[in-house]
Amino acid sequence: MNMEDIRNQINEANIAFETPVDNIQKLTRHIVNIERQLIYGDEPSSRRLQQIRVLIDDAVKELKK
Amino acid sequence: MKFISIELENFRQFYGTQKVVFSIDPYKNITVIHAENGTGKTAFLNAIMWCLFNTTTENFNDPKNIINKIAKYEGHNGYAVAIEFISDNGDEFLVRRSHKLNDDVFQVFQIIEGDYGTPIDKPASFINSIIPKDMAKYFFFQGEGIGKISSSNGSQVVKQAIREILGFTIAERALDDVRSIRKEYRRALTSADKSGDLSKKQLEIDRLEEGLEGYSEQIKKFSASCAMFEEKLRAIDTQLENSNSATIKQLHLRRGQIEQALKREKQLQIDSLRDKKTLISEFAVSTFGHSLSKEVLDFIDEKEYEGSIPAPFNEQLVHDIIKNKSCICGAAVHEGTDAFKCIQEMLKNAADPMLENRISKARSQLTVIKNSLVRAEVSFDRNIKNQFDSAEKIKEYQGKLSEISVEISGAESIETVKNLENERVRLKNSLEQDRRNLIKAELSQSQAQPKLNSLEAEIKRLSSFDREVDKYNSLISVAESVENLLENTIKNAEKDIERVLITKVNDYLSRFVRQEYSAKLNSQTFSIRLVDSNDQFVPESDGQSLLLNLTFIASLIEISRERKNASGQILTPGAVAPFVVDAPFGDLDNKYKGHVAQAIPNSVNQVVFLLSSSHWEGSVESNIRAKVGKEYNMVLEESAGKKHKGADYIDILGRKYETVRYDCAKDKTLIEEVGSYV
């Protein structure tokens, strides 16, 4: 195993670490993104709760499949 | 991110269009802008904040009225700021915010070979991805604006700064929203319940949750107040220890010893109470079963005396002989014979060996019970004596402490000591009170949580029978999982941050402060104080407080840089940005100024110092000159005549530069280049 192999393995481990491991993690990231758009971004705040409700609803449907 | 240039158009003092080009040289990374008070340092810093985030610092007066007065008088109705910057991967951008009448226009362009393309979509998101606005205030820093981190409200400043620099703002907002949505689901769930059972349980849950939130708040509040009282007491103790009066010193020393003894005795008392509980569980059976064990043992002893226990013959053996009509010696035992009758007679004294075994075991257990009562008596006697001794000693120490307190506060000639002592007594009482409150809240919390868990489990069980109810249950469950993930992410990120932060602050301090001082962060109150080598608080001078502030900010910037590539996608990553600092060296003496000025450019990529002559003069120039890439001077042009006012100059590289000009056409500030050294 050379240095390049080790580097690749570390990169892969990093990617795996950052990849959502389950639906809850994915859902949480989506919710955080909605908030991010509101606080840092250009989206209006009025629809954020509705958007989060839809995301949670979809997640439940996904889990029940 | 590095700033390339800034262009101001009719922004406050800056009439017309004025431009500053910053040094982006990696070594000569400092841009110095000289400006006397009232010339426009704060306005310049705010131009950056306004352009990037449409916000201003707290000390920026009248933020709704930004347009330059002369320009307005001449009929202009707009103002603008444009910043060119280079991102970490080398791309160049122009960000421009303008205000005309009631319209704000905010645009960001990528600069490709000198040309601006089409505006970038969602410019605010883009800028915040480069430097989040809640972190920006630590990079674009108002030297005198942050307040003392060691002051009474310093803990809030430190706490907020840590949360912002760790990128919690968004995650905490998400947590609040998901919590409120989960509560909505809970209400919907109870409405969907036809039987009404769920509503009742939900009401209890609401009440418990409300109570738990309250307890949690109380625990936070009382923990912080206890830590604050302890800190204040330590400060008073330090003052009393250093009192000029030998008597006071002596009394205070004695008090310290008694307080230590009292503390030990209180701990012994707690240990005795704990021992008492252990003794009760250990000896309860022998104590309460003593009479019974005695009676049963007497019975067994009597039977032994009578010879029935242990039995002389094995019941099973006698039965086998009778059944098989054969003795163990091989002789035949026929029914009706004398031998048969004799053996049959033996049954009267025969017993089951298993039963015998049980009786033997019972006897040994009962003997243990009987004997352990002797040990129980000895142990309980000792425990009661210990408790009594501790209570007596505690009373004695408390009496002595009251006497010392009276002696100290009675020291007639020393008014300060009297006041300190009175304050000490008041703080001690408050501390005791809040400690009791804290224990009470912790107890209530520990009792409420299991009740809540069981009610939630009960609701889950009841709701599994109804489809509609089940739907809401699933929604609640998912919302709870999201809450848990957010909470855990925040908790994990917070772990160790106090240690990391204080290590960095101390690293800076060791380079700046002459004395053997270090900084100490109270993890309960979040206040940062200087302590000496004996761990005693140091009363800080204004200069030392400012120094602590600067080291704190520098440490935050370092943490932000280290978090730049954090990509958990839940917490906002950190940023690398220019450090633009207005009036950083206010109360610092010459030596500190020099050390700080030298250290800052080594810890950030780009620095813009906005300095008045009082900040600049002394050791600053000699310490940073080699790293200055660009240098400007803000000149105040006044339409009024000079009259009796003296000329104002600043000395830069041996040459005098005007800071004020009189008899000018318009009142304005001009930014003039002094030198470019890159």
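Because the structure is a prediction, the values reported are computed rather than measured.

A.B. asks: It is not clear to me how the overall build of chain B should be interpreted in this structure. Could you clarify?
C.D. replies: Regarding its fold elements, chain B presents 19 helices and 19 strands. Surface accessibility of chain B: about 35400 Å² in total, with carbon and sulfur atoms responsible for 50%.

A.B. asks: Help me understand the overall build of chain A in this model?
C.D. replies: Check the secondary structure of chain A and you find three helices and zero strands. Helices (α) and strands (β) of chain A occur, in sequence order from the N terminus, as α-α-α. For chain A, the residues scored as buried account for 29% of the 65 residues in total. Accessible surface, chain A: about 4400 Å² in total, of which carbon and sulfur atoms supply 54%.

A.B. asks: How should I be thinking about unusual backbone geometry in this particular structure?
C.D. replies: Trans is the prevailing form of peptide bonds, just as negative phi is the prevailing case for residues other than glycine. Residue and element names in this part refer to chain B. Although it is not a glycine, Asn10 sits at a positive phi angle of roughly 50 degrees. Positionally, Asn10 belongs in strand β1 (residues 2-11). The phi dihedral of Asp663 falls on the positive side, at around 55 degrees, and the residue is not glycine. Topologically, Asp663 is positioned in the loop between β18 (660-661) and β19 (668-676).

A.B. asks: Which parts of the structure should I look at to understand the environment of Phe140 of chain B?
C.D. replies: Residue and element names in this part refer to chain B. Take Phe140: it is sitting in strand β8 (residues 140-142). Judged by its relative accessible area of 1%, Phe140 is buried. Beyond its immediate stretch of four places on either side in the chain, Phe140 contacts Phe3, Leu45, Ile48, Met49, Leu52, Phe53, Ile131, Pro578 and Val580.

A.B. asks: Hey, could you run me through the packing of helix α6 (residues 168-192) of chain B against helix α14 (residues 467-494) of chain B in this one?
C.D. replies: A pair of packed helices is characterised by two quantities: the angle between their axes and the separation of those axes. Residue and element names in this part refer to chain B. Direction vectors running N to C along α6 and α14 enclose 160 degrees, while the axes themselves pass 9 Å from each other. When the axes of α6 and α14 are compared, the pair comes out roughly antiparallel. The handedness of the crossing between α6 and α14 comes out as left-handed. Tallied by class, residues from the contact of α6 with α14 come to 18 nonpolar, one polar and nine charged.

A.B. asks: Explain the packing of helix α15 (residues 497-512) of chain B against helix α16 (residues 542-562) of chain B to me, please; I cannot follow it from the model alone.
C.D. replies: Residue and element names in this part refer to chain B. One way to put it is that α15 packs onto α16 with a least axis distance of 9 Å and a crossing angle of 125 degrees. One way to sum up the angle between α15 and α16 is to call them oblique. For the element pair α15 and α16, the recorded crossing hand is right-handed. Contacts from Ile497, Val500, Leu501, Lys504, Val505, Tyr508, Leu509 and Phe512 of α15 reach α16 at Leu547, Leu548, Thr551, Phe552, Ala554, Ser555, Leu556, Glu558, Ile559 and Glu562. Of the residues in the contact of α15 with α16, the class split is 13 nonpolar, two polar and three charged.

A.B. asks: Help me understand the side chain of Ser560 of chain B in this model?
C.D. replies: Inspection of the secondary structure puts Ser560 of chain B in helix α16. The residues contacting Ser560 of chain B, other than those within four sequence positions of it, are Met135, Phe139, Ile165, Gly574 and Ala575 of chain B.

A.B. asks: Could you clarify how one ought to interpret the packing of aromatic side chains in this entry?
C.D. replies: Residue and element names in this part refer to chain B. Going through the model one piece at a time under the given rule, you end up with 12 aromatic pairs over all chains. An angle of 15 degrees between the planes, with centres 6.4 Å apart, marks the rings of Phe11 and Phe60 as stacked. Taken as a pair, Phe11 in strand β1 and Phe60 in the loop between α1 (41-53) and α2 (69-73) lie far apart in primary sequence, 49 residues in all. The residues Phe11 and Phe60 share a single accessibility class, namely buried. Both rings, one in Phe141 and one in Phe579, keep their centres 6.2 Å apart while their planes meet at 20 degrees; by these two values the pair is stacked. Within this pair, whereas Phe141 is found in strand β8, its partner Phe579 is found in strand β13 (residues 579-582), the two being separated by 438 residues in sequence. By the burial criterion, Phe141 is buried, and Phe579 matches it. Three or more aromatic residues link up through ring pairs in this structure, and these residues are Phe3, Phe22, Phe44 and Phe140. A cation over an aromatic ring shows up here: Arg97 above the ring of Phe106, its NZ or CZ 4.0 Å from the ring centre.

A.B. asks: So what exactly am I meant to see when it comes to the nonpolar core here?
C.D. replies: One recurring pattern in soluble globular proteins: nonpolar side chains tend to sit buried together. Counting residues in hydrophobic clusters, the biggest one holds 144 residues, and the most contacted among them are Ile56 of chain A together with Phe3, Ile6, Phe44 and Phe140 of chain B. The residues contacting Phe3 of chain B, other than those within four sequence positions of it, are Phe22, Ile24, Ile48, Leu52, Ile83, Glu84, Phe85, Phe140, Pro578, Val580 and Gln606 of chain B. Core analysis: the next-biggest nonpolar cluster, separate from the first, contains 19 residues, Leu240, Leu262, Ile408 and Leu431 of chain B among them.

A.B. asks: I would appreciate a short explanation of the confidence of the model for chain A in the present structure.
C.D. replies: Low-pLDDT stretches of the model should not have their predicted coordinates read in fine detail. Across chain A, the average pLDDT comes to 79, with 71% of residues at or above 70. The spread of mean pLDDT over the elements of chain A runs between helix α1 (residues 3-18) of chain A, the lowest at 66, and helix α3 (residues 48-64) of chain A, the highest at 90.

A.B. asks: I tried to follow the pairing of strand β11 (residues 518-521) of chain B on my own but got confused; where do I start?
C.D. replies: Within a regular beta strand, the side chains point alternately toward one face of the sheet and then the other, so they alternate between its two faces. Residues and elements named next belong to chain B. Burial along β11 is one-sided: the face carrying Ala519 and Leu521 is buried and the face carrying Ser518 and Lys520 is not. As defined by bridge partners, β11 adjoins strand β12 (residues 528-531) across four bridges and the pair is classed as antiparallel. Bridging across to β12, Ala519 finds its partner in Leu530. Hairpin connection of β11 to β12: six residues between the antiparallel strands, including Phe526 at a positive phi of 65 degrees.

A.B. asks: Even after reading the chapter, I still don't get the interface of chain B and chain A, so can you show me in this structure?
C.D. replies: Bring the parts together and some accessible area is lost; that lost area is often taken as the interface size. Counting residues at the interface gives 33 residues for chain B, matched by 27 residues for chain A. At the boundary of chain B with chain A, total buried surface from both sides reaches about 2700 Å², with 62% on carbon and sulfur atoms. Across the chain B-chain A interface, the total number found is three salt bridges. The closest approach of N and O atoms between Arg48 of chain A and Asp177 of chain B, which form a salt bridge, is 2.5 Å. The interface formed by chain B and chain A contains five residue pairs in polar contact (both at pLDDT 80 or more). Secondary structure elements with two or more residues in the side of chain B that touches chain A: α3 (123-130), α4 (133-139), α6 and α14 of chain B. Considering each element in turn, the side of chain B that touches chain A owes the most residues, 10 residues, to α14 of chain B. The class makeup of the residues in the side of chain B that touches chain A is 16 nonpolar, nine polar and eight charged.

Cut-offs and rules
- Residues numbered from 1 in each chain as written.
- Chains lettered and ligands numbered in written order.
- Predicted model: local features only at pLDDT ≥ 70, side-chain atom pairs only at ≥ 80, totals over all residues.
- Heavy atoms only, no water.
- Helix = DSSP H or I, 4+ residues; strand = E, 2+ residues; numbered from the N terminus.
- Areas by Shrake-Rupley, 256 points an atom, 1.4 Å probe, with all protein chains shown as cover.
- Buried < 20%, exposed > 50% of the residue type's maximum accessible area, 1.4 Å probe, protein only.
- Contact = heavy atoms within 4.5 Å.
- Axes fitted to C-alpha atoms, helices over the stretch in contact; angles between N-to-C directions.
- Parallel < 35°, antiparallel > 145°, perpendicular 65-115°, else oblique.
- Left-handed = near helix turned anticlockwise from the far one by under 90°.
- Nonpolar A, V, L, I, M, F, W, Y, C, P; charged D, E, K, R; others polar.
- Phe/Tyr/Trp six-rings, centres within 6.5 Å; stacked < 30°, edge-to-face > 60°.
- Lys NZ or Arg CZ within 6 Å of the ring centre and 35° of its normal.
- Core = buried A, V, L, I, M, F, W, Y, C linked by side-chain atoms within 4.5 Å.
- pLDDT = per-residue confidence, 0-100.
- Pairing = 2+ DSSP bridges.
- Buried area = accessible area lost by both parts, 1.4 Å probe.
- Salt bridge = Lys/Arg side-chain N within 4 Å of Asp/Glu carboxyl O.
- Polar contact = N/O pair within 3.5 Å; in protein donor to acceptor, adjacent residues only side chain to side chain.

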